[in-house]
Amino acid sequence: MSRECYIVEKSTGEIINEDFIIDETEDIQKKNEILNKRKSDDEFKIFIDQNLGNFYFLFYKLIKKGIERQYIIRFLYLCTYMDYENKLLFGNGLEETKYMREKDLQEVLKLSKRETSYTREALIKNELIFIKDNLIEVNKKYCIKGKIESSKKKSQKVRIFENGLKELYEKAKPKEHKKLALLIELLPYINLKFNIVCKNPTCENIKDLKPIDLKEICKIIKYSPNQSSRLKKDLLSLKVNEELVIMFNETGSAKFITINPKIYYKGTKLDDLKWLINSFEIKSK
């Protein structure tokens, strides 16, 4: 709270300065906190832009729809072509041809004609995409690019980094798409600070973290426990920019699994993100 004051000459009572304004200590502290937060946010955004590139937000409600895994990852790949109006772009950039059309889906998704048709039908049926006047638009309930409405800010969401997801999808064969979608099914269990698969994803104290091991993950994604070795092998085969997508760690009796933030990241702290990126660069050498 600011107060308008004036400075008075003590001996004469004469007003020297009528425009003198002081701030209360609490007000100054709040202003500094806001400025520091704004500076921190700006640094975080700049770092992401320079190191991880473009991203869009995925809302967790997608996972609860029970869509077959291959269609989930294909949908998220299509979203990497999304503009800030949630329309898909694919063309030479001219106004009349810059948007993706139905006929472009097979070329974009790199699928057979039959599998493209199945995928298109699944995405439309589940209202993940809408096709209007032959243009494809993504449902903002599930993914959005750019500024989020205030009503959705508290929704469970994660940044999906377009470069990382594109590389994963384009390296994979269509029969491997189900495997890629496992990364998305784990999102509700990803810690917002450490990107570790755990039982308490909002925990910010590493000592209190409750990691989920591979056998427990098998239960979550409905794999048989005897498939854990195969699952680990499959997940370790995933690479983005020559780095591991999933890192398996063991420290004494503790075992934990971390996801590379170049695929997705929930947090907002620059130091946390830098630490994660550096740890994957070391592990991948």
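Residues numbered from 1 in each chain as written. Predicted model: local features only at pLDDT ≥ 70, side-chain atom pairs only at ≥ 80, totals over all residues. Heavy atoms only, no water.

**A few points about the overall build of the protein chain**
A tally of regular secondary structure across the protein chain gives nine helices and 12 strands. Across the 285 residues that make up the protein chain, the buried fraction comes to 42%. Sequence separation of at least 24 residues holds for 60% of the intrachain contacts in the protein chain that already meet a minimum separation of 6. Element-wise, carbon and sulfur atoms account for 49% of the exposed surface of the protein chain, whose accessible area totals about 17100 Å². (Helix = DSSP H or I, 4+ residues; strand = E, 2+ residues; numbered from the N terminus. Buried < 20%, exposed > 50% of the residue type's maximum accessible area, 1.4 Å probe, protein only. Contact = heavy atoms within 4.5 Å. Areas by Shrake-Rupley, 256 points an atom, 1.4 Å probe, with all protein chains shown as cover.)

**Describing unusual backbone geometry**
With the exception of glycine, most residues fall at negative phi, and the peptide bonds are largely trans. The backbone phi angle of Asn-86 is positive, close to 70°, even though this residue is not glycine. Residue position: Asn-86 is located in the loop between α2 (69-78) and α3 (105-109). Unlike most non-glycine residues, Glu-127 shows phi in positive territory, near 60°. Tracing the backbone shows Glu-127 in the loop between α4 (113-125) and β4 (129-132).

**Considerations on the pattern of salt bridges**
A full pass over the atoms with the stated rule returns 12 salt bridges. Across the pair Glu-243 and Lys-262 runs a salt bridge, and its minimum N-O distance is 2.9 Å. In this pair, Glu-243 sits in strand β9 (residues 243-244) while Lys-262 sits in the loop between β11 (254-259) and β12 (264-265), placing the two residues 19 residues apart along the sequence. No difference in accessibility class separates Glu-243 from Lys-262, as the two residues are buried. (Salt bridge = Lys/Arg side-chain N within 4 Å of Asp/Glu carboxyl O.)

**Quick notes on the nonpolar core**
Counting residues in each nonpolar core, the largest one holds 60 residues, and the members touching the most others are Leu-58, Leu-62, Phe-75, Leu-76, Cys-143, Ile-184 and Tyr-264. At seven residues, the largest contribution of residues to this core is made by α2. Phe-47, Tyr-265, Leu-270 and Leu-273 belong to the second-largest nonpolar core, a separate cluster that totals 10 residues. (Core = buried A, V, L, I, M, F, W, Y, C linked by side-chain atoms within 4.5 Å.)

**Focus on the environment of Gly-53**
With respect to the element layout, Gly-53 can be found in the loop between α1 (25-51) and β3 (55-59). You can call Gly-53 buried: its relative accessible area is 15%. With 108 residues separating them along the chain, Gly-53 and Phe-161 place their C-alpha atoms 6.8 Å apart. Excluding its chain neighbours within four sequence positions, the residues that come into contact with Gly-53 are Ile-48, Phe-161 and Asn-163.

**Some remarks on the packing of aromatic side chains**
For the structure on display, the rule yields six aromatic pairs. Each ring, one from Phe-55 and one from Phe-57, has its centre 5.4 Å from the other, and the planes form 85°; the classification is edge-to-face. The ring of Phe-130 is capped by Lys-132, whose NZ or CZ atom sits 5.7 Å from the centre of that ring. Between Lys-145 and the ring centre of Tyr-84, over which it is positioned, the NZ or CZ distance is 5.3 Å. (Phe/Tyr/Trp six-rings, centres within 6.5 Å; stacked < 30°, edge-to-face > 60°. Lys NZ or Arg CZ within 6 Å of the ring centre and 35° of its normal.)

**Points about the packing of α2 against helix α6 (residues 177-185)**
Pairs of packed helices are described in terms of their axes, by the angle between the two and the distance that separates them. Running from N to C, α2 and α6 point in directions that differ by 75°, and their axes come no closer than 7 Å. In this view, α2 runs roughly perpendicular relative to α6, as classed from their interaxial angle. Every residue of α6 that contacts α2 at Arg-69, Gln-70, Ile-72, Ile-73, Arg-74 and Leu-76 is listed here: His-177, Lys-178, Leu-180, Ala-181, Leu-182, Ile-184 and Glu-185. By residue class, the composition of the contact of α2 with α6 is seven nonpolar, two polar and four charged. (Axes fitted to C-alpha atoms, helices over the stretch in contact; angles between N-to-C directions. Parallel < 35°, antiparallel > 145°, perpendicular 65-115°, else oblique. Nonpolar A, V, L, I, M, F, W, Y, C, P; charged D, E, K, R; others polar.)

**Comments concerning the pairing of strand β5 (residues 135-138)**
Side chains Ile-136 and Val-138 of β5 all project onto a buried face; the interleaved residues Leu-135 and Glu-137 project onto a face where none is buried. Looking at chain direction, β4 and β5 are connected through four bridges and run antiparallel. Residue pairing across strands places Ile-129 opposite Val-138, the latter belonging to β5. Where β4 folds back on β5, the antiparallel hairpin that results is connected by two residues, among which Asp-133 adopts a positive phi of roughly 55°. (Pairing = 2+ DSSP bridges.)

**Quick look at the pairing of β11**
Bridge analysis of strand β10 (residues 246-251) against β11 gives six bridges, and the strand direction is antiparallel. The residue of β11 that forms the bridge with Thr-251 is Ala-254. Counting the residues between successive antiparallel strands, the hairpin from β10 to β11 contains two residues, one of them, Gly-252, with a positive phi of roughly 65°.

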